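A look at the structure
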Amino acid sequence: MSGTTRADRESDRELARPGSVRHSLIELAVPAVLAEVLFALVGGWPGAGFGAALLAVTGLLVGRRVAGAGADAVALRSRPRQQELYEPGLGDWRWTVRQGLDPKGDPGPLRTRIRRLYAVRLAEEHGLDLSADRDRAAELLGPRLWPWIDPLAPPPAAVFPAEVVRELVDRLDSL
């Protein structure tokens, strides 16, 4: 008897499936070893040392990125950069609305997302560019709602009132 159980063998097969960590490491290790052999053949011991250092630095950078350590960088925390890198799903709306309505929350993401919805609706239904046709967009939305999505003005209050969010959604549906 080999000493490994059926569960161990199934676990090993599970970890080696495409997309698993083990599979990814195997897929990355093969070219790394081949590159190191190539460095050694071309450059001798100095080439092998350079190749090992290069592979180590590359591995650390890739590992840091995969582990998510890059999210701590200030450049990646800025709101515009996050919105470029991450496409929000429907589940994020609950968090976004909750943060926008909370006096201690951040209304910026809610305002940005509602503004994007209005920009799309106004472009599709009325042929308007929200930034270029501000006067016509303000006329369509009305004086109470326009300040909340005006791209060139600060928000009228630090927190979205719940009734304003409801009115914005209702008006968006009616456009």
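Note: the structure precedes this text.
Owing to the predicted nature of the structure, the values given are computational and were not obtained by experimental measurement.

We now examine the nonpolar core. Ranked by size, the top nonpolar core spans 19 residues in total, and within it Tyr118, Leu122, Leu141, Ile149, Phe160 and Leu168 carry the most contacts. For Leu168, the residues in contact, after removing those within four places along its chain, are Ile114, Tyr118, Leu145, Trp148, Ile149 and Phe160.

Our focus in this paragraph is a nonpolar patch on the surface. On the surface, a nonpolar cluster with roughly 530 Å² of combined accessible area is contributed by Val33, Val37, Leu38, Leu41 and Val42. As for its placement among the helices and strands, Val42 is situated in helix 2 (residues 21-67).

Our next topic: the pattern of salt bridges. Taken as a whole and assessed by the stated rule, the structure comprises 3 salt bridges. One salt bridge in this structure joins Asp150 and Arg134, with 2.6 Å as the shortest N-O distance. Of this pair, Asp150 sits in the loop between helix 8 (146-149) and helix 9 (162-174) while Arg134 sits in helix 7 (residues 134-141), and the two are 16 residues apart along the sequence. For Arg134, a relative accessible area of 26% gives the class partly exposed. With a shortest N-O distance of 3.0 Å, Arg136 and Glu139 are connected by a salt bridge.

On to the environment of Asp133. Locating Asp133 in the fold gives a position in the loop between helix 6 (108-126) and helix 7. Expressed as a C-alpha distance, the spacing of Asp133 and Leu122, which sit 11 residues apart in the sequence, is 9.9 Å. Leave out the neighbours within four places in its chain, and Asp133 touches Gly127 and Leu128.

Conventions we followed
- Residues numbered from 1 in each chain as written.
- Predicted model: local features only at pLDDT ≥ 70, side-chain atom pairs only at ≥ 80, totals over all residues.
- Heavy atoms only, no water.
- Core = buried A, V, L, I, M, F, W, Y, C linked by side-chain atoms within 4.5 Å.
- Buried < 20%, exposed > 50% of the residue type's maximum accessible area, 1.4 Å probe, protein only.
- Contact = heavy atoms within 4.5 Å.
- Patch = residues over 30% accessible without salt bridge, like charges linked within 9 Å, V, L, I, M, F, W, Y side chains within 5 Å.
- Areas by Shrake-Rupley, 256 points an atom, 1.4 Å probe, with all protein chains shown as cover.
- Salt bridge = Lys/Arg side-chain N within 4 Å of Asp/Glu carboxyl O.
- Helix = DSSP H or I, 4+ residues; strand = E, 2+ residues; numbered from the N terminus.

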